[in-house]
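Coordinate analysis (summary)
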Amino acid sequence: MTYFLIAPVLMSAFNLQVNYISVVLVQVPIFFMMFYVPSPGGSGAIEILLSLAFAPFVPKYILGIFIILWRTLTHYLTLLVGAIVLVYILGIKNW
């Protein structure tokens, strides 16, 4: 559930008043579509879907920044943390 709360928290950070339940419900189908998009990690297609889904909630002038932050927190941050943990577990030196 915390995965789906990232968007409402980001919207709150941008001082946008939104209905949390409707924002969460918009994300659920996109979450399941990520696994079927034929690109690595759904990159590109997911951002387009997000821009269409969040357009009613986020003003156009911050929509790009919002999507970049959302994608960073939901996808790329986990990859970075996983890489650091992997290096630590494997004991790779001079990385």
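Below you will find a few notes about this structure. Just so we're clear, the structure is a prediction, and the values are computed from it rather than from any experiment.

Reading guide: rules and limits
Residues numbered from 1 in each chain as written. Predicted model: local features only at pLDDT ≥ 70, side-chain atom pairs only at ≥ 80, totals over all residues. Heavy atoms only, no water. Helix = DSSP H or I, 4+ residues; strand = E, 2+ residues; numbered from the N terminus. Buried < 20%, exposed > 50% of the residue type's maximum accessible area, 1.4 Å probe, protein only. Polar contact = N/O pair within 3.5 Å; in protein donor to acceptor, adjacent residues only side chain to side chain. Contact = heavy atoms within 4.5 Å. Phe/Tyr/Trp six-rings, centres within 6.5 Å; stacked < 30°, edge-to-face > 60°. Salt bridge = Lys/Arg side-chain N within 4 Å of Asp/Glu carboxyl O.

1. What to know about the overall build of the protein chain
Along the protein chain, the regular secondary structure elements total four helices and zero strands. In sequence order, the secondary structure elements of the protein chain are arranged as α-α-α-α. With the C-alpha coordinates aligned to their principal axes, the bounding extent of the protein chain is approximately 50 × 30 × 25 Å. Residue burial in the protein chain is summarised as follows: out of 95 residues, 31% are buried.

2. Topic: the side chain of T74
Tracing the chain through its elements places T74 in helix α4 (residues 60-90). With a relative accessible area of 9%, T74 lands in the buried category. Separated by 2.8 Å, the side chain of T74 and the backbone oxygen of W70 make a polar contact. Setting aside chain neighbours within four positions, we find T74 in contact with Y3 and I6.

3. Things to note about the packing of aromatic side chains
Taken as a whole and assessed by the stated rule, the structure comprises six aromatic pairs. On the basis of an interplanar angle of 70 degrees and a centroid distance of 6.0 Å, the ring pair of Y3 and W70 is categorised as edge-to-face. Residue Y3 is located in the segment before α1 (6-13), and its partner W70 is located in helix α4; the two are separated by 67 residues in the primary sequence. Judged by relative accessible area, W70 falls into the buried class, the value being 2%. Relative to F32, the ring of F31 lies with its centre 5.3 Å away and its plane at 75 degrees, an arrangement referred to as edge-to-face. Taking relative accessible area as the criterion, F31 reaches 22% and is therefore assigned partly exposed. Among the aromatic side chains, those forming a connected cluster through ring pairs are Y3, F4, F31, F32 and W70.

4. Quick look at the pattern of salt bridges
Oppositely charged side chains may form a pair once their charged atoms are brought near each other. This model, assessed by the stated rule, comprises one salt bridge. R71 serves as the salt-bridge partner of E47, at 3.1 Å between the closest nitrogen and oxygen. Remark: R71 occurs in helix α4 and E47 occurs in helix α3 (residues 45-54); sequence separation between them is 24 residues. A residue is classified by how much of its surface remains accessible, and R71, at 2% relative accessible area, is buried.

Purely geometric stuff here, so don't read any function into it on its own.
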